[in-house]
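Survey of secondary and tertiary structure
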Amino acid sequence: MTAPHARGETPSSGAGVVVLRHLGPLRRQIEAWRREGLVIGLVPTMGALHRGHGALMAEALAACDRVVVSLFVNPTQFAPHEDFSAYPRKEADDLRFLEGVGVTALYAPDAETMYPEGFATTVTVSGGLTEGLCGAHRPGHFAGVATVVAKLLNQVRPDRAYFGEKDYQQLCVVRRMVRDLDLDVTVEGVAIVREGDGLALSSRNAYLGPAERAIAPELYATLRETARAIEGGEGVNEATAAAARRLLEAGFNGVDYVACVDAETLAPLAKIGVRPARLLAAARLGGCRLIDNLPVAARP
Ligand code: AMP
């Protein structure tokens, strides 16, 4: 449990949460659990934890004997103009959150542990999964995500890994990577946790000022009505164009996309068929980029 780290570090433990910062102690801990035949769950996060992350942890705790939450604000998934340095970092609060939830371990590596000098490998998922939607607006983002998730899965070697439907395209990318690379892990998708007014919880919601916060729930309201219109027979292109207009009228200062796609391949759909579909949007509100999505019922 408290195997010393190669650099002399001993994993710390606050009210039952073991804090691991380096690969050596992490691997020894995982090995010890494996020898006991325990089922290990991983919840990757970038911290600033909220109830959305908590839902992933709750599912992991229900299905696994030991749950590791990783906290790493991954620089390679941020484009140069994005909010890497401003991204909220609240490790002390996060540790208290984990203690409250009953998670077993926090793995919080530094950039040097994740990307040591000379790091030269990138995992790229293509096949239509990363070229559109957020991929079209965030160059390099999904290569950064796939690479760091591949590393975390190899480092922790969990039986199950938990990802939110909040980042629906990310979930699809991770599922495909795991399938294509024969990674020995079950990927679990967890439903979006929302505020009472429908706004999907996000660490970035902290960027919203009061006026923007009042407008923000319009993203989900618009998606819900658009999904209903498409399910009712309205053309996909007309419905998504109307949704983008409605968001701009509501006060969003830019709409990156509103799109209806195949729920698994993310291929754009002109009309709803028998396969499950998903409606996704990304829109900018002040300095904050909000994303949201929801299912669209297939037509039998
Ligand atoms: P992040 O820290 O934003 O990278 O998110 C870590 C994980 O939590 C990702 O798998 C997200 O999809 C998931 N997540 C974030 N917000 C929510 C939410 N509101 N509901 C469900 N899952 C979420």
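Residues numbered from 1 in each chain as written. Predicted model: local features only at pLDDT ≥ 70, side-chain atom pairs only at ≥ 80, totals over all residues. Heavy atoms only, no water.

Let's talk about the nonpolar core
Threshold: Residue types Ala, Val, Leu, Ile, Met, Phe, Trp, Tyr and Cys, when buried and joined through side-chain atoms within 4.5 Å, form a set referred to as a nonpolar core. Whether a residue is buried, partly exposed or exposed follows from its accessible area with a 1.4 Å probe, protein chains only, as a fraction of its type maximum: under 20%, in between, or over 50%, in that order. Secondary structure elements are defined from DSSP: runs of H or I of at least 4 residues count as helices, runs of E of at least 2 residues count as strands, and each element is numbered from the N terminus. Here a residue-residue contact requires only that any non-hydrogen atoms of the pair lie within 4.5 Å.
Core analysis: the biggest nonpolar cluster contains 47 residues, and V68, Y107, V149, L153, V156 and M177 have the highest contact counts within it. Sorting elements by how many residues they give to this core places helix α6 (residues 141-156) first, with nine residues. Beyond its immediate chain neighbours, meaning those up to four positions away, L153 contacts L42, P158, A161, M177, V178, L183 and V185.

Some details on helix α10 (residues 236-250)
The cut-off we apply is this: Multiply 1.5 Å by the residue count of a helix minus one, and that product is the helix's expected span. The arc refers to the directions leading from the helix axis to the C-beta atoms.
Helix length check: α10 (15 residues) gives 21 Å between terminal C-alpha atoms against 21 Å at 1.5 Å per residue, within 8%. Among all positions in α10, only V236, A239, T240, A243, A244 and L247 are buried. Along the long axis of α10, the arc covered by the buried residues comes to 140°, so they all point the same way. Opposite the packed face of α10, turned more than 90 degrees from it, sit the exposed residues N237, E238 and E249. Buried residues along α10 sit in contact with α9 (218-231), β8 (254-262) and β9 (277-285). In the stretch just after α10, G251 is the one whose phi turns positive, near 120°.

Quick notes on the packing of α6 against helix α7 (residues 168-180)
Convention followed: Inter-axis angles, ranging from 0 to 180 degrees, are taken between N-to-C directions of lines fitted to C-alpha atoms, where helices are fitted over the stretch in contact. Roughly parallel covers angles under 35 degrees, roughly antiparallel covers those over 145, roughly perpendicular covers 65 to 115, and oblique covers all other angles. By the definition used in this description, the sense in which the near helix is turned from the far one sets the handedness, with an anticlockwise turn below a right angle giving left-handed and a clockwise turn giving right-handed.
Here α6 crosses α7 at 55°, and the two axes come no closer than 10 Å. One finds that α6 runs oblique with respect to α7. Crossing geometry of α6 relative to α7 is assigned as right-handed. Contact with α6, carried on its side by F142, V145, A146, V149, A150 and L153, involves Q169, Q170, V173, V174, M177 and V178 of α7 and no other residues of that element.

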